[in-house]
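Coordinate analysis (summary)
Each chain is listed here by its residues.
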6 protein chains.
Amino acid sequence: MSEQWLPTLITANPEEGFQLAIKLSRLGVKFTQPDAAVRDRLRPEYAENADSLTAASQVVAINFATVAQANNYWR
Amino acid sequence: MSEQWLPTLITANPEEGFQLAIKLSRLGVKFTQPDAAVRDRLRPEYAENADSLTAASQVVAINFATVAQANNYWR
Amino acid sequence: MSEQWLPTLITANPEEGFQLAIKLSRLGVKFTQPDAAVRDRLRPEYAENADSLTAASQVVAINFATVAQANNYWR
Amino acid sequence: MSEQWLPTLITANPEEGFQLAIKLSRLGVKFTQPDAAVRDRLRPEYAENADSLTAASQVVAINFATVAQANNYWR
Amino acid sequence: MSEQWLPTLITANPEEGFQLAIKLSRLGVKFTQPDAAVRDRLRPEYAENADSLTAASQVVAINFATVAQANNYWR
Amino acid sequence: MSEQWLPTLITANPEEGFQLAIKLSRLGVKFTQPDAAVRDRLRPEYAENADSLTAASQVVAINFATVAQANNYWR
C-alpha cells in the first residue's frame, strides 16, 4: 500500500469522521486478505446477509468511537 | 447521500442521543449495502430473530456510548 | 413511545444504573422490532439458550459502562 | 432481588474487582432469565463449550473494564 | 484459588501488560468452568479453529485496553 | 518469543499505529495457538470467509483504539 493510506485521524466534521471509520474497518479486512479479487468474490456473501451487515456496522461503530474521540467529538 | 446526513453528534437530550445512535448503526449498514431494496428484503431475516435483535442492540449500545460521551452525558 | 422514555442517564445508585442499562438494551431491540407481539414470541428463543443469554448480558455490560461513566461511578 | 445486590463499584483490590465483574456478568443473565432452574439447566450447555466460555470471558472483560476504571485501577 | 492471583494491574512494560491481559482472559474462563480437566479437553476445540482463535484474541484485546490504561500506556 | 516483541505502544504516526494494532491482534492468536504450522493451516479457513474477516477487523479495531489513545491520537 502507498504511504498515504492513513495520514491522520483528524477530520473536518462528523461525516468525514464516519467515512474514515468505514475506511479503517476495510483496512482491517485488507490486511488480513490482501487479495482484492478474493474480497470482491466474498462481497455478496455478507452484503446480502443481515447478520453480516450488523457485524460490519459494529466494526464501523468501534472505529467511529476512536475517530470521534480523536476529534474531540467535533464539539 | 446528501451532505447533511451527520451534521453533529450533539443532541438536546438523551432520547435524541439514543435516536442518533440508532441512525449511526443504520448508516454503518447502508455504507456496506447501499441498495435499499436489498436492505428491505433482509429486514424480516433479523427483525424476527432473537439473536439478530440482540446483535443490533449491541451496535446501538456501542454508538450510544460515543454519542453520550460527545454530549458529556447530558449532565 | 412517550416522550419520557429516557429522561436522564443519572441514577441514584449502581443498582438503578444497572437497571437503566437493561432498559437501554431493550430499547435497542424495540427500535429494531417495534411490534411487542413479535418480541414476546421470540422471548423463549433466547431466554432458554445459554449463548443468547451471554449475548444479552454483553449488551447490558456495554450500556452499563456508559451509565456508570455518566454517574462518575457513583463514587 | 434484595436491595443490596449492587451497593457499590468500589472494591478493595483487583481480585475483588474481578469478582464483581463476574457478578455483573451473571446479573445481566439473571435479569433476562430470572428462573434459576432454567439457568441451572442451561449451565452444561456453555460450561462445556469452548466458544461459549470465550464469550462468557468477554462479558467479564467488558465489566472488568468498568469496575477497574471506577477504582482508578487500584493504583 | 490462592489470594495472589491478581495482585495488581500495574506492569513493568507493555509485554508484561499483554501477558496480564491473557491471564485475565483465562481467569474469565476459569471462573465459569473451574474444572481444569474439562478446560483441557475443550482446548483442541478452539485452538484449531480459526474463528475461535479470533474470538480469543478479541477478549485479550479488551483486557489489554484495560491494562494499558491502568499503566498510562507505559508512556 | 524474543524479549522485544512489544517494546512500546508509541508509534510515529497513525499508519504505524494501525500496523501495531494488527500485530497485537495476531499476538492474541499466537499466545492461544503457539504452533505456527497449525496457524498456517487455519489461514484459508478465515481469509476466504467474509464473516471471519469482519471478526478479524473487529479485533484490529479494538486494539487500534488502545494504540490511538496511547499516542494521544497523533494530534
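First, a word on what this report is: a plain description of the structure on this page. Bear in mind that the values here come from a model prediction, so they are computed numbers and not experimental data.

This brings us to the relation of the copies chain E and chain D. Rotating chain E by 60° and translating it 0.0 Å along the rotation axis places it on chain D, where the RMSD comes to 0.0 Å. Expressed as a symmetry operation, the mapping of one chain copy onto the other fits a six-fold axis. Scanning chain E for the C-alpha nearest the rotation axis identifies E:Ile62, at a separation of 6.9 Å. Looking at the interface residues of chain E, only 15% of them are also at the interface in chain D, so each copy uses its own face.

Let's shift gears to helix 3 (residues 50-70) of chain E. All names here are of chain E. Taking 1.5 Å per residue, 21 residues should reach 30 Å; helix 3 reaches 30 Å between its end C-alpha atoms and fits that length. The buried fraction of helix 3 amounts to 17 of the 21 residues, a majority that puts the element mostly inside the structure. Between the side-chain oxygen at the start of helix 3 and the backbone nitrogen of aspartate 51 there is a gap of 3.1 Å, and the oxygen is on asparagine 49. Phi for asparagine 72, located one or two positions after helix 3, is positive at around 50°.

In this section: the relation of the copies chain F and chain A. A rotation about an axis combined with a shift along that same axis relates the two copies of the chain. Structural alignment of chain F on chain A gives an RMSD of 0.0 Å, achieved by rotating through 60° and translating 0.0 Å along the axis. Of the interface residues in chain F, just 19% have counterparts in chain A that sit at the interface too, so the contact is made through distinct surfaces.

Another aspect to go through is the interface of chain F and chain A. Contact with chain F, which involves 27 residues of that partner, is made by 33 residues of chain A. Here chain F meets chain A over a buried area of about 2500 Å², counting both sides, of which 62% is carbon and sulfur. Broken down residue by residue, the surface that chain F buries against chain A is led by F:Glu15, F:Phe18 and F:Tyr73, which jointly contribute 24%. Here chain F and chain A share 12 residue pairs in polar contact (both at pLDDT 80 or more) between them. Where the side of chain F that touches chain A is concerned, the elements lending two or more residues are helix 1 (14-32), helix 2 (36-47) and helix 3 (50-70) of chain F. Sorting elements by how many residues they give to the side of chain F that touches chain A places helix 3 of chain F first, with 13 residues. The residue makeup of the side of chain F that touches chain A, split by class, is 15 nonpolar, six polar and six charged.

In this section: the nonpolar core. A:Phe18, B:Phe18, C:Phe18, D:Phe18, E:Phe18 and F:Phe18 are the most contacted members of the largest nonpolar core, which has 102 residues in total. Ignoring any residue separated from it by four or fewer positions in sequence, one finds D:Phe18 in contact with D:Val60, D:Phe64, E:Trp5, E:Leu6, E:Leu24, E:Leu27, E:Gly28 and E:Phe31. Core analysis: the second largest hydrophobic core is formed by 18 residues, B:Ile62, C:Ile62, D:Val59 and D:Ile62 among them.

A separate point is the packing of helix 3 of chain E against helix 2 of chain F. Relative to each other, helix 3 of chain E and helix 2 of chain F sit at 90°, their axes nearing to 8 Å. With respect to each other, helix 3 of chain E and helix 2 of chain F are oriented roughly perpendicular. Contacts between helix 3 of chain E and helix 2 of chain F involve E:Ala50, E:Asp51 and E:Leu53 from the former and F:Leu42, F:Glu45 and F:Tyr46 from the latter. Across the contact of helix 3 of chain E with helix 2 of chain F, the residue classes tally to four nonpolar, no polar and two charged.

In this section: the packing of aromatic side chains. Aromatic ring pairs: the centre-centre distance and the angle between the two ring planes describe each pair. Taken as a whole, this structure holds 30 aromatic pairs over all chains when the rule is applied. Their ring planes at 45° and their centres at 5.8 Å tell us that B:Phe18 and C:Phe31 sit as a pair that is tilted. Of this pair, B:Phe18 sits in helix 1 (residues 14-32) while C:Phe31 is found in helix 1 (residues 14-32), placing the two residues in two different chains. With a centroid separation of 5.9 Å and an interplanar angle of 20°, the aromatic rings of D:Phe64 and D:Trp74 are classed as stacked. Here D:Trp74 lies in the segment after helix 3 (50-70) and D:Phe64 lies in helix 3, a separation of 10 residues in the sequence.

Rules used in this analysis
Residues numbered from 1 in each chain as written. Chains lettered and ligands numbered in written order. Predicted model: local features only at pLDDT ≥ 70, side-chain atom pairs only at ≥ 80, totals over all residues. Heavy atoms only, no water. Least-squares fit on C-alpha atoms with pLDDT ≥ 70 in both. Contact = heavy atoms within 4.5 Å. Helix = DSSP H or I, 4+ residues; strand = E, 2+ residues; numbered from the N terminus. Expected span 1.5 Å × (residues − 1). Buried < 20%, exposed > 50% of the residue type's maximum accessible area, 1.4 Å probe, protein only. Polar contact = N/O pair within 3.5 Å; in protein donor to acceptor, adjacent residues only side chain to side chain. Buried area = accessible area lost by both parts, 1.4 Å probe. Nonpolar A, V, L, I, M, F, W, Y, C, P; charged D, E, K, R; others polar. Core = buried A, V, L, I, M, F, W, Y, C linked by side-chain atoms within 4.5 Å. Axes fitted to C-alpha atoms, helices over the stretch in contact; angles between N-to-C directions. Parallel < 35°, antiparallel > 145°, perpendicular 65-115°, else oblique. Phe/Tyr/Trp six-rings, centres within 6.5 Å; stacked < 30°, edge-to-face > 60°.

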